[in-house]
Amino acid sequence: MSYQPLLLNFDEAAELKTALGTPTLLGRALARDIDKTDRYIAEIGIEVPGHGEAGGYEHNRHKQNYIHMDMAGRLFLITGDVRYRDYIVDMLTAYATVYPTLESNVSRDTNPPGRLFHQTLNENMWMLYASCAYSCVYHTLDDAQKAHIENDLFKQMIEMFVVTYAHDFDIVHNHGLWAVAAVGICGYAINDQASVDKALYGLKLDSVSGGFLAQLNQLFSPDGYYMEGPYYHRFALRPIYLFAEAIERRQPDLGIYEFNDSVIKTTSYAVFKTAFPDGTLPALNDSSKTISINDEGVIMATSVCYHRYEQTETLLGMANHQQDVWVHSSGKTLSDAVANAESIAPFNWGSLFVTDGPQGEKGGVGILRHRDAQDDDTMALIWFGQHGSDHQYHSALDHGHYDGLHLSVFNRGQEVLHDYGFGRWVNVEPKFGGRYIPENKSYCKQTVAHNTVVVDQKTQNNFNTALAESKFGSKHFFNAKRAQLQGMSGRIQGYYDGVDMQRSILIAEIDECEKPLVIDIYKIESEQPHQYDLPVHYTGQIIRTDFDYQTSPTLKALGSDNGYQHLWHLGAGNVSDSSLVSWLHGNSYYSLITSASEDSQVIFARTGANDPDFNLRSEPALIFRQSGTNHVFASVLETHGYFNESIEASVGARGVVTSVKVLGSDTVATVIEINTTSGARYQFAISNLDEAHHDEEHTVEFFGQRFQWTGAFGRVD
């Protein structure tokens, strides 16, 4: 068979050419790529810089070179314009001329350096995309050109990855994915099947100790979840799809898209399904707050899943939200479907529980979603999986955060209760070289930076990675069969010595409330007394409270370590009944009503203390503090009202929920009561029994009042 480009054969390129100049998603993607590539070639041309810092000029120039070579390769096949071909040949020839003379770059962390970049991960990415571009022009080169590019560039890079850094090549990790995909794709591009086999099956060729097939077998839970979280998961989708497409074309007998029960589809859907309604991905572990389903890897996955697996309305909704497709035959399939659809509803994956761990045995992520008559989505997420690090790879790559039972809430188009995400200014070289800032460890990873209970102002698992890796949570219940009342619950044990925790989240429709209530019942058990802090991180301006508080005349930090040193103590108030705090965020008002016992305290805080380089974002937080042995924090988040400053409109600035209290809690159940301005009382019960008893009828009595219901949770008023 004659040589064909790796990802887009000649016939497919001819089909994509028909989209040029059209207003379709593919047509617009092609126009964008043509504009970017033409401008880059005209403005930069052929430039091969030397070494530089992460995020510095040299780093970015090498990166932009491989990005534009890749685009130019596809554009050459689609348009036939030889300018793109000449650009790739000239660029690869320039790199091949200097690459053998380059010493290793300087590593700034524990990642081994490449000859172009400060870490081999970037070098893997460079070779992968450059190899794709090379395959697009291979048929136009003479033997001397091929020998120069292959012998002085690609083969030397392969040797560095599979020989010099063999210990990293076979590691099962997202960096390992890029390594095997790069070597495999390069092997296909230069007709080196021996290198392809190493990439597929590992250096031992056993498909267990390393290689792409081992990655697909071992990286993900049965539900497709990746332990490091959505941010690193979406990054792993790119090498998966680029290599899978090359494999499907060169070795279709492997059936890569059906491999391991179609794990490529399963793991893609795991990323899709965690997204907030606005498309952003939740910040679990080290994560950017801005990464969304518009990420390149997710766009690839959406296109290929629609093309190769199933053509669903939900995937159409994703593509319509992304307003983009992969410039590829799969992208044309999806683009045509969007163009031909009469109407496309916003994507909605519904409520779901996603397991974590190789066998799904290490907790997971619970997500409840509720769509109302106005197509407004409310989403609540709790996380209680395994610690999000891959310690076997590099100790410096501990991306895990210490936040078991973390809660995030989203509605009215915005994240309401949020996670800080990572502490990093990606590729902003003046900010610590674009690497993780010191505050990533001293604040962002600490438990107080998340919406979960902190015991005695200490971080879960003593901020010890090895200890944290030995712990994981468990699902207590998950039931989303009824839109009027959905519930999920998780447990963690031993994250603090002698302290067990259970967190249950309900989304409940209440007739007198304009949006569903998010009810949070956080149960803590301990034989010894402790201080319990429940931090809540939000965005917006405080509007009112129903308790008195005192502001601090001088600013001081809340503590000296475990993240508290980075929180300013702005004020506090003592409460003995439930407390209400309302704030305005965007066009919506939010009220958080939290139960209290004797000597409870509400603390107003803000990030920024002990931050001499102004690395942290300035963000507000509330901390609900209680001391004791056993305790239950019961909270209700109410969304209400509307604000529009441009027309001076403010409606419903006060919500209807006035208080929440815990009626009782024991080994059988916890019962809470919500009171409203109308005088109505709404009571909800949570089963504290093990899962085997959840379907039974439950009866408890607190202070002479009897409560009865069936199931893991229920409304009992």
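Residues numbered from 1 in each chain as written. Predicted model: local features only at pLDDT ≥ 70, side-chain atom pairs only at ≥ 80, totals over all residues. Heavy atoms only, no water.

Per an unreviewed UniProt entry, the protein chain goes by the name Alginate lyase family protein and belongs to Vibrio agarilyticus. A UniProt comment under Subcellular location (unreviewed entry) is attached to the protein chain, and it reads "Periplasm". (UniProt positions renumbered as here; feature names shortened; annotations may be inferred.)

Caption draft 1: The arrangement of the domain arrangement of the protein chain in detail. Once the domains are mapped, the protein chain shows domain 1 (220–349) and domain 2 (352–716). The centre of domain 1, based on its C-alpha atoms, is set 30 Å off from the matching centre of domain 2. The partner domain 2 presents 43 residues to the 28 residues of domain 1 that form the contact. If you sort the residues of domain 1 by the area they bury against domain 2, Met 227, Asn 285 and Asp 286 come out on top, with a joint share of 22%. Lys 289 is the partner of Glu 415 in a salt bridge, and the nearest nitrogen-oxygen pair spans 2.9 Å. Between domain 1 and domain 2 we count 15 residue pairs in polar contact (both at pLDDT 80 or more) in total. Breaking the side of domain 1 that touches domain 2 down by element, the ones donating at least two residues are helix 11 (230–250) and helix 12 (259–274). A class-by-class count of the residues in the side of domain 1 that touches domain 2 yields 16 nonpolar, 6 polar and 6 charged. (Domains from an automatic or database assignment. Contact = heavy atoms within 4.5 Å. Buried area = accessible area lost by both parts, 1.4 Å probe. Salt bridge = Lys/Arg side-chain N within 4 Å of Asp/Glu carboxyl O. Polar contact = N/O pair within 3.5 Å; in protein donor to acceptor, adjacent residues only side chain to side chain. Helix = DSSP H or I, 4+ residues; strand = E, 2+ residues; numbered from the N terminus. Nonpolar A, V, L, I, M, F, W, Y, C, P; charged D, E, K, R; others polar.)

Caption draft 2: Structural view of the packing of helix 11 against helix 13 (residues 296–309). Helix 13 packs onto helix 11 with a crossing angle of 40 degrees between their chain directions and a minimal axis gap of 7 Å. Relative to helix 13, helix 11 is oriented oblique. Judged by the sense of rotation from one axis to the other, the crossing of helix 11 with helix 13 is left-handed. Taking contact as the criterion, the partners of Arg 234, Leu 237, Arg 238, Tyr 241, Leu 242, Glu 245, Glu 248 and Arg 249 in helix 11 are, on helix 13, Glu 296, Gly 297, Val 298, Met 300, Ala 301, Val 304, Cys 305 and Arg 308. Per-class residue counts for the contact of helix 11 with helix 13 are 8 nonpolar, 1 polar and 7 charged. (Axes fitted to C-alpha atoms, helices over the stretch in contact; angles between N-to-C directions. Parallel < 35°, antiparallel > 145°, perpendicular 65-115°, else oblique. Left-handed = near helix turned anticlockwise from the far one by under 90°.)

Caption draft 3: Examining the packing of helix 12 against helix 13 more closely. The N-to-C vectors of helix 12 and helix 13 enclose an angle of 130 degrees; their axes lie 10 Å apart at closest approach. As far as their axial angle goes, helix 13 and helix 12 are oblique. At the point where helix 12 passes helix 13, the crossing takes the left-handed sense. Residues Ser 262, Ile 264, Lys 265, Ser 268, Tyr 269, Val 271 and Phe 272 of helix 12 form the contact with helix 13, whose own contacting residues are Val 298, Ala 301, Thr 302, Cys 305 and Tyr 309. The residue inventory of the contact of helix 12 with helix 13, partitioned by class, reads 8 nonpolar, 3 polar and 1 charged.

Caption draft 4: Representation of helix 4 (residues 82–98) in the model. In a regular helix each residue adds 1.5 Å, so 17 residues correspond to 24 Å; helix 4 covers 25 Å between its end C-alpha atoms and thus fits that length. Those residues of helix 4 not exposed but buried are Tyr 84, Arg 85, Tyr 87, Ile 88, Val 89, Met 91, Leu 92, Tyr 95 and Ala 96. Where helix 4 is buried, its residues meet helix 2 (25–43), helix 3 (57–79), helix 5 (120–137) and helix 6 (143–164). At the N-terminal boundary of helix 4, the capping side chain belongs to Asp 81, with an oxygen 2.9 Å from the backbone nitrogen of Arg 83. (Expected span 1.5 Å × (residues − 1). Buried < 20%, exposed > 50% of the residue type's maximum accessible area, 1.4 Å probe, protein only.)

Caption draft 5: View of the sheet that holds strand 5 (residues 414–417). Pairing is antiparallel in the open sheet, where 5 strands are placed in the order 1-2-3-4-5. The open sheet has two edge strands with one neighbour each: strand 1 (352–355) and strand 5. Averaged over all adjacent pairs, the angle separating strand axes in this sheet is 20 degrees, with direction ignored. Across 4 bridges, strand 1 lies against strand 2 (residues 364–371) in antiparallel orientation. Paired with Thr 355 across the bridge in strand 2 is Gly 364. (Pairing = 2+ DSSP bridges.)

Caption draft 6: Representation of the packing of aromatic side chains within the structure. Under the counting rule described, the total for this entry stands at 28 aromatic pairs. Taking the centre distance of 6.3 Å and the plane angle of 55 degrees together, the rings of Tyr 188 and Phe 243 count as tilted. Taken together, the positions of Tyr 188 in helix 8 (residues 174–189) and Phe 243 in helix 11 put the pair 55 residues apart, joining distant regions of the chain. Here the two residues Tyr 188 and Phe 243 agree in accessibility, since each one is buried. Aromatic rings pair up to connect Tyr 3, Tyr 134, Tyr 138 and Phe 154 into one cluster. When the ring centre of Tyr 269 is taken as origin, the NZ or CZ atom of Lys 265, which lies over that ring, is 5.4 Å away. In this structure, Arg 617 packs its charged tip against the face of Tyr 420, placed 3.9 Å from the ring centre. (Phe/Tyr/Trp six-rings, centres within 6.5 Å; stacked < 30°, edge-to-face > 60°. Lys NZ or Arg CZ within 6 Å of the ring centre and 35° of its normal.)

Caption draft 7: Inspection of the environment of Phe 643 at higher detail. Here Phe 643 lies in strand 20 (residues 642–644). Each C-alpha atom of the pair Phe 643 and Asn 587 lies 4.6 Å from the other, and the pair is 56 residues apart in sequence.

Caption draft 8: Representation of the pattern of salt bridges within the structure. What the rule picks out here adds up to 29 salt bridges. Close ionic contact of Lys 515 with Asp 376 constitutes a salt bridge, the shortest N to O distance being 3.1 Å. In this pair, Lys 515 sits in the loop between strand 9 (499–508) and strand 10 (517–526) while Asp 376 sits in the loop between strand 2 and strand 3 (377–383), placing the two residues 139 residues apart along the sequence. Of the two residues, Lys 515 and Asp 376, neither departs from the other in class, the shared state being buried.

Caption draft 9: Structural context of a nonpolar patch on the surface. The grouping of Tyr 642, Ile 647 and Val 651 at the surface amounts to a nonpolar patch, some 300 Å² of accessible area in total. As for its placement among the helices and strands, Val 651 is situated in strand 21 (residues 649–651). (Patch = residues over 30% accessible without salt bridge, like charges linked within 9 Å, V, L, I, M, F, W, Y side chains within 5 Å. Areas by Shrake-Rupley, 256 points an atom, 1.4 Å probe, with all protein chains shown as cover.)

Caption draft 10: Just the pairing of strand 9, in detail. Counting buried positions along strand 9 gives 9 out of 10 residues, so the element sits mostly inside the fold. Two strands pair when backbone bridges link them, and strand 8 (residues 485–496) and strand 9 are joined in this way by 10 bridges, in the antiparallel orientation. Bridged to Gly 490 within strand 9 is Arg 503. With antiparallel pairing between neighbouring strands as the criterion, strand 8 and strand 9 make up a hairpin whose turn holds 2 residues, including Gly 498 at a positive phi of roughly 75 degrees. Bridge analysis of strand 9 against strand 10 gives 10 bridges, and the strand direction is antiparallel. Counted as the bridge partner of Val 499 is Ser 526 from strand 10.

Caption draft 11: Structural detail: helix 1 (residues 10–17). All buried positions along helix 1 are accounted for by Glu 12, Ala 13 and Leu 16. Viewed along the axis of helix 1, the buried residues span an arc of 100 degrees, placing them on a single side of the element. For helix 1, the secondary structure elements touched by its buried residues are helix 2, helix 3, helix 11 and helix 15 (329–340). In this structure Asn 9 caps helix 1, since a side-chain oxygen of it lies 3.1 Å from the backbone nitrogen of Asp 11. (Arc of directions from axis to C-beta.)

Caption draft 12: A look at the environment of Tyr 420. If you trace the backbone, Tyr 420 turns up in the loop between strand 5 and helix 16 (439–444). Each C-alpha atom of the pair Tyr 420 and Gly 434 lies 18 Å from the other, and the pair is 14 residues apart in sequence. Not counting the four nearest positions on each side in its chain, Tyr 420 is found in contact with Lys 289, Tyr 443, Cys 444, Ala 449, Asn 615, Leu 616, Arg 617 and Glu 619.

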